[in-house]
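The primary structure of each chain is shown beneath.
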Amino acid sequence: MEGRPADDSELIARAQRGDSAAYEEIVQRYQQIAFRTAYVITGSAADAEDAAQEGFVKAYRALDRFRLGADLRPWLLRIVANEARNRVRSSGRRHQLELRLTEGFRPGDAAPSPEAVAIAADERRRLLAMVNALSEEDRLVIASRYFLQLNGEETAAALGIPEGTVKSRLSRALARLRARVEEAASA
Amino acid sequence: MPDLEEQLTAMSVAIEWPPTPALRPVLSRPARREGWGLWRLQTRWALAAAAVLLIVATLLAYTPSRDAIAGWLNLHTTILRTPNQPTPSPLPSGPLGERLGLGSPTTLDGARSQVRWKIEVPSSLGRPDAVYVKLPPTGPSGGEVTLVYAQRPDIHAYGVTGVSILVTEARGKTNEIYFQKMLGQDATLEPTTVNGHAGYWIAGSPHQFVFTDADGNIYSDTLRLATNTLIFDNNGTIVRIEGDMTKSQALEIASSLS
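Parameters at a glance
- Residues numbered from 1 in each chain as written.
- Chains lettered and ligands numbered in written order.
- Predicted model: local features only at pLDDT ≥ 70, side-chain atom pairs only at ≥ 80, totals over all residues.
- Heavy atoms only, no water.
- Helix = DSSP H or I, 4+ residues; strand = E, 2+ residues; numbered from the N terminus.
- Buried < 20%, exposed > 50% of the residue type's maximum accessible area, 1.4 Å probe, protein only.
- Axes fitted to C-alpha atoms, helices over the stretch in contact; angles between N-to-C directions.
- Parallel < 35°, antiparallel > 145°, perpendicular 65-115°, else oblique.
- Left-handed = near helix turned anticlockwise from the far one by under 90°.
- Contact = heavy atoms within 4.5 Å.
- Nonpolar A, V, L, I, M, F, W, Y, C, P; charged D, E, K, R; others polar.
- Buried area = accessible area lost by both parts, 1.4 Å probe.
- Salt bridge = Lys/Arg side-chain N within 4 Å of Asp/Glu carboxyl O.
- Polar contact = N/O pair within 3.5 Å; in protein donor to acceptor, adjacent residues only side chain to side chain.
- Core = buried A, V, L, I, M, F, W, Y, C linked by side-chain atoms within 4.5 Å.
- Phe/Tyr/Trp six-rings, centres within 6.5 Å; stacked < 30°, edge-to-face > 60°.
- Pairing = 2+ DSSP bridges.

**As for the overall build of chain B**
A count of helices and strands for chain B gives six helices and 10 strands. Within chain B, the proportion of its 258 residues that are buried is 42%.

Next comes the structure, spelled out in structure tokens:
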């Protein structure tokens, strides 16, 4: 169909035949999620950019090993996330990931009162501060699953752990976060 | 109160992520193989061809045999060897240093309008070929400005990026204890004096530099060229001069800052 964006398998097949324009389209399509995933792992925008860049180069070289019909996104994220972890390991230092909220963000289409907006913004800030204060393992799994909106397979790929471990780790991380929220509410 | 998981999911659109850079990976991939048999056959032919070429090149390089070959082939001309001119590596399109993660490209005037402190420019290098500015949250508080220079006399430019010198400036204080730990074994630190200010000459291949920014936060930065670096405090601004240069070359650049 004319004007229809090519789907992943079509782009992959073309890239495997040496069509670099097709691969560039794949990079454009996934660069944001790849960069953000690397940012969650490294805590540094510069390192995340390097990791994403190098990850896409490695993925291109490994295209022949990509199984047609498989999901491209988790495959790419696994390579980029590995690159990000390697960078953290080789530098011997992980930057503290400090997630922030966009100023003036207001979810939904409704127009709540200024007081309600202020209270909701304050609640979100407090909750995010609690997420930032969690252990690295807990923070990573929550950021991947909820803030990056990765599915189970993608979270497993990004964290380099089995999918079953994602479920148990997420469950424990949520329990610890919930306990902190309740503790703050009762204080 | 909404469920915790719902709250976290709703927050995903409110997270302030650093801007996604435009990635342009340099693509090179070996030609696709159609099975081992064909690959082995191709390899055998390639080895045979390489051997023949080597023999021919050796014979042609030796003047008497070159003349003899010309005689056998009844070529009454002289075989001349024209040296191949090396092809320069293609440089990436876009502003110089675009792939070094230095922030957003701008101009000198543009950078001056975005920070509240004085940006000094080394007159010995002329006008910078590119200027980048990195502001919080990705940059240190007060911002960071990098002047990028292409090839300069006696200073090697890196083939991949075409960059020879980076001059990076940010408000803050050096912290020897921190950045000495980050240097690694392949770099040495030598305290030095630059224009009357305390500084350090780092020789080798340092990769990370840590300093205290204007708000007192510890800020870690990547030394993009991973080569000799002069770092000094210039009236509250930390200046880094990176490049494949000697200490005296770096000091000369530093002394021309104004």
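**Points about the packing of helix H2 (residues 20–42) of chain A against helix H4 (residues 72–91) of chain A**
All names here are of chain A. It is the contact of H2 with H4, at a shortest axis distance of 9 Å, that shows an interaxial angle of 45°. Judged by the inter-axis angle, H2 sits oblique to H4. H2 and H4 meet at a crossing whose hand is right-handed. For the pair H2 and H4, the contacting residues are Tyr23, Ile26, Tyr30, Ile33, Ala34, Thr37, Ala38, Ile41 and Thr42 in the first and Leu72, Arg73, Leu76, Leu77, Val80, Ala81, Ala84, Arg85 and Val88 in the second. For the contact of H2 with H4, the residue count by class is 14 nonpolar, two polar and two charged.

**Observations concerning unusual backbone geometry**
All names here are of chain B. Although it is not a glycine, asparagine 195 sits at a positive phi angle of roughly 50°. Along the polypeptide, asparagine 195 turns up in the loop between strand E5 (187–194) and strand E6 (197–204). The phi torsion at asparagine 235 lies on the positive side, around 55°, for a residue other than glycine. Within the fold, asparagine 235 resides in the loop between strand E9 (229–234) and strand E10 (237–243). For asparagine 235, a relative accessible area of 56% corresponds to the exposed category.

**Some thoughts on the interface of chain A and chain B**
A common way to express how large an interface is: the accessible area buried when the components associate. Facing 47 residues of chain A, the contacting portion of chain B comprises 38 residues. When chain A packs against chain B, close to 4000 Å² is buried across both sides, 65% of that on carbon and sulfur atoms. Scanning the region where chain A abuts chain B turns up zero salt bridges. Where chain A touches chain B, the interface holds two residue pairs in polar contact (both at pLDDT 80 or more). Every element with two or more residues in the side of chain A that touches chain B is listed here: helix H1 (8–16), H2, helix H3 (45–61), helix H5 (114–132), helix H6 (136–147) and helix H8 (163–186) of chain A. Among the elements that line the side of chain A that touches chain B, the one with the most residues is H3 of chain A, at 11 residues. Of the residues assigned to the side of chain A that touches chain B, the class counts are 26 nonpolar, nine polar and 12 charged.

**Points about the pattern of salt bridges**
Residue and element names in this part refer to chain A. Evaluation of the coordinates by the stated rule reveals 14 salt bridges over all chains. Notably, a salt bridge pairs aspartate 50 with arginine 87, separated by 4.0 Å at the nearest N-O pair. Here aspartate 50 is found in helix H3, whereas its partner arginine 87 is found in helix H4, with 37 residues between them in sequence. Where glutamate 83 meets lysine 58, a salt bridge forms, and the shortest distance between an N and an O atom there is 2.8 Å. On the criterion of sequence distance, the pair formed by glutamate 83 in helix H4 and lysine 58 in helix H3 is long-range, its members being 25 residues apart.

**Observations concerning the nonpolar core**
Judged by nonpolar contacts, the single largest core of 66 residues is most densely connected at Tyr23, Ile142 and Phe147 of chain A together with Leu8 of chain B. At 12 residues, H2 of chain A tops the list of elements feeding residues into this core. Apart from residues lying up to four places away in sequence, leucine 8 of chain B is in contact with Leu127, Val131, Ile142, Tyr146, Phe147, Leu174 and Leu177 of chain A.

**Observations regarding the packing of aromatic side chains**
Residues and elements named next belong to chain A. Tallied over the full model, the rule gives three aromatic pairs over all chains. When the centroid spacing of 4.7 Å and the interplanar angle of 55° are considered together, the rings of tyrosine 23 and tyrosine 60 count as tilted. Remark: tyrosine 60 occurs in helix H3 and tyrosine 23 occurs in helix H2; sequence separation between them is 37 residues. This pair shows no difference in class: tyrosine 23 is buried, exactly as tyrosine 60 is.

**Overview of the pairing of strand E4 (residues 165–174) of chain B**
All names here are of chain B. For E4, the tally of buried residues reaches seven of 10 residues, placing the bulk of the element in the interior. With six bridges joining them, strand E3 (residues 144–149) and E4 adopt antiparallel strand pairing. Opposite valine 148, over in E4, you have leucine 166 as the bridge partner. With seven bridges joining them, E4 and E10 adopt antiparallel strand pairing. Opposite glutamate 169, over in E10, you have valine 239 as the bridge partner.

**Some remarks on the packing of H2 of chain A against H3 of chain A**
All names here are of chain A. Look at H2 against H3: their axes get within 8 Å of each other, and the N-to-C directions meet at 140°. By the angle between their axes, H2 is oblique relative to H3. Judged by the sense of rotation from one axis to the other, the crossing of H2 with H3 is right-handed. Across the interface between the two elements, Ser20, Tyr23, Val27, Tyr30, Gln31, Ala34, Phe35, Ala38, Tyr39 and Thr42 from H2 touch Ala45, Asp47, Ala48, Glu49, Ala51, Ala52, Phe56, Ala59 and Tyr60 from H3. Split into classes, the residues belonging to the contact of H2 with H3 amount to 14 nonpolar, three polar and two charged.

**As for the environment of leucine 96 of chain B**
Residues and elements named next belong to chain B. Structurally, the position occupied by leucine 96 is in the loop between helix H3 (63–72) and strand E1 (104–106). Assessed through its relative accessible area of 17%, leucine 96 is described here as buried. On a C-alpha basis, the gap between leucine 96 and alanine 130 in space is 5.9 Å, while along the polypeptide they are 34 residues apart. With sequence-adjacent residues up to four places away left out, leucine 96 is seen in contact with Asp129, Ala130, Tyr132, Val148, Tyr149, Ala150, Thr161, Gly162 and Val163.

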